[in-house]
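Read off the chains here:
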Amino acid sequence: MASKMTLTLPTGQVMPALGFGTWQATDAELEAALNTALEAGYRHIDTAPVYENEHVIGKVLHKWLSSGKLKREELFVVSKVPPVGNRPSGVEKWIKRSLKDLQLDYLDLYLIHTPFSLEEVNEDLHPVDKNGEIKLDKSTDHLKIWLEMEKQVEAGRAKAIGLSNFNIKQITKVMSASKLPISNLQIELHVYFQQKELVDFCKKNGITVTAYSPLGSRGLVKLMGKVDSLPDLLSNPVVVKIGERRTKTPAQILLRYTLQRGIAAIPKSTNPDRLRKNIDLFDWELAPEDMNELNALDQGASARVCDFGFFKGIEKHPEFPF
Ligand code: NAP
């Protein structure tokens, strides 16, 4: 395999541009898939308390690290402050919990998962009221939360910190008061929703970008009830045609496209064949005409899959970003 593509964070850390997404897998599926992913060469792993799988990832990583098959410094592990912990007092508590579950001493990157906060009710990650509405905590103060994020770096629990699902206005505000750089922004990004303005903004400000749902997340499309309005990227005729031309799968075309834009991508797969192919991206490239054809598929925000509509009433939060 040719050398892998990487992104350099403002801290100087080197992040593998292709990572392994872990949302929406059963424990058994994920345990098997993560072993296969590590064997296939994935070193960047994306998780979050909300995915309820950090203990599984911890179990697998512990096996690889304690046997000497892998060194900690070869890995790039990302986790996030959950919405129910999104307040100054929640940051240290939740990073410590992630580290314990992941059986690690530090994270390579720690993100604020969402700009909005949810009420903390017992151990419930998605607290709802009697009408099924998500319980909002409207007191969200990004600057105070960011200060606590910086303390995690100072304490050695995270090497770098960043944001996820924030908009330009929200990022600008954090930037205005931050002592440590915003190293990364993780956002939904795929060929139908190319996020050009946000990506340009990040590039100008030295913030690396990671694309979540880079394959258009069919699982999430179903969950959101958007199957009819959001067609499958993987069967888009332009994507399929370029795949035929380059003898690559549609998923490989979509992933390579994202990487060639200078953006990291974290596709999720628990299928051994697909996850191996998804990282087989480094000894070929898309030509400028391929890139132009793919650029033309952008549909803007109307193609957003993850609008957090699964949290009923979330748009009433003052920091709802979209
Ligand atoms: P995705 O990676 O775009 O799509 C995953 C889906 O595509 C799965 O159903 C998977 O099924 C299928 N798939 C994977 N490779 C394929 C291939 N080569 N051909 C055909 N189908 C393929 O969507 P995602 O899981 O929503 O996003 C990826 C990761 O981003 C998540 O796992 C999570 O780590 C992160 N994420 C972050 C946020 C955030 O708020 N920060 C939100 C959403 C996601 P199989 O497993 O059966 O292959």
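Residues numbered from 1 in each chain as written. Predicted model: local features only at pLDDT ≥ 70, side-chain atom pairs only at ≥ 80, totals over all residues. Heavy atoms only, no water.

**Here we look at the site of the ligand**
Taken together, the neighbourhood of the ligand is formed by 26 residues, with Asp46, Leu215, Ser217, Ser269 and Arg274 sitting nearest. In this structure, threonine 270 approaches the ligand through a main-chain N or O atom, which is 2.9 Å from an oxygen atom. Within the side chain of arginine 274, one N or O atom sits 2.7 Å away from an oxygen atom of the ligand. Protein burial of the ligand: of its 900 Å² of free accessible surface, 87% is covered by the chains. Across the shell around the ligand, the residue classes tally to 9 nonpolar, 13 polar and 4 charged. (Near = heavy atom within 4 Å. Polar contact = N/O pair within 3.5 Å; in protein donor to acceptor, adjacent residues only side chain to side chain. Areas by Shrake-Rupley, 256 points an atom, 1.4 Å probe, with all protein chains shown as cover. Nonpolar A, V, L, I, M, F, W, Y, C, P; charged D, E, K, R; others polar.)

**Side note on the pattern of salt bridges**
In this structure the tally under the stated criterion is 20 salt bridges. Taking the shortest distance from any N to any O, the salt bridge between glutamate 92 and arginine 157 comes out at 3.5 Å. Of the two residues, glutamate 92 is situated in helix 3 (residues 88-102) and arginine 157 in the loop between helix 4 (142-154) and strand 9 (161-164); the sequence distance between them amounts to 65 residues. Judged by its relative accessible area of 31%, glutamate 92 is partly exposed. The exposure class of arginine 157 is buried, given its relative accessible area of 17%. Between glutamate 148 and lysine 151 there is a salt bridge, and its shortest N-O distance comes to 3.0 Å. With a gap of 3 residues between them, glutamate 148 and lysine 151 both fall in helix 4, about one helical turn apart. (Salt bridge = Lys/Arg side-chain N within 4 Å of Asp/Glu carboxyl O. Helix = DSSP H or I, 4+ residues; strand = E, 2+ residues; numbered from the N terminus. Buried < 20%, exposed > 50% of the residue type's maximum accessible area, 1.4 Å probe, protein only.)

**Let's talk about the confidence of the model for the protein chain**
Segments scoring low in pLDDT should not have their predicted coordinates read at a detailed level. Here the protein chain shows a mean pLDDT of 96. Residues at 70 or above account for 99%. Per-element averaging of pLDDT across the protein chain places helix 7 (residues 218-223) at the bottom with 86 and strand 6 (residues 109-112) at the top with 99. (pLDDT = per-residue confidence, 0-100.)

**As for unusual backbone geometry**
For asparagine 122, which is not glycine, the phi torsion reads 50° and is therefore positive. Within the secondary structure, asparagine 122 sits in the loop between strand 7 (117-118) and strand 8 (136-137). Judged by relative accessible area, asparagine 122 falls into the exposed class, the value being 70%. With a phi angle near 45°, serine 217 is a residue other than glycine that sits in the positive phi range. Considering the arrangement of structural elements, one finds serine 217 in the loop between strand 11 (208-212) and helix 7.

**Observations concerning helix 6 (residues 196-204)**
Since the α-helix packs 3.6 residues into each turn, any two residues three or four apart lie on the same face. The complete set of buried residues in helix 6 reads Leu198, Val199, Phe201 and Cys202. The arc that holds every buried residue of helix 6, seen down its axis, measures 160°, which confines them to one face. For helix 6, the exposed residues lying more than 90 degrees away from the buried face are Glu197 and Lys204. Glycine 206, located one to two residues past helix 6, shows a positive phi value of around 70°. (Arc of directions from axis to C-beta.)

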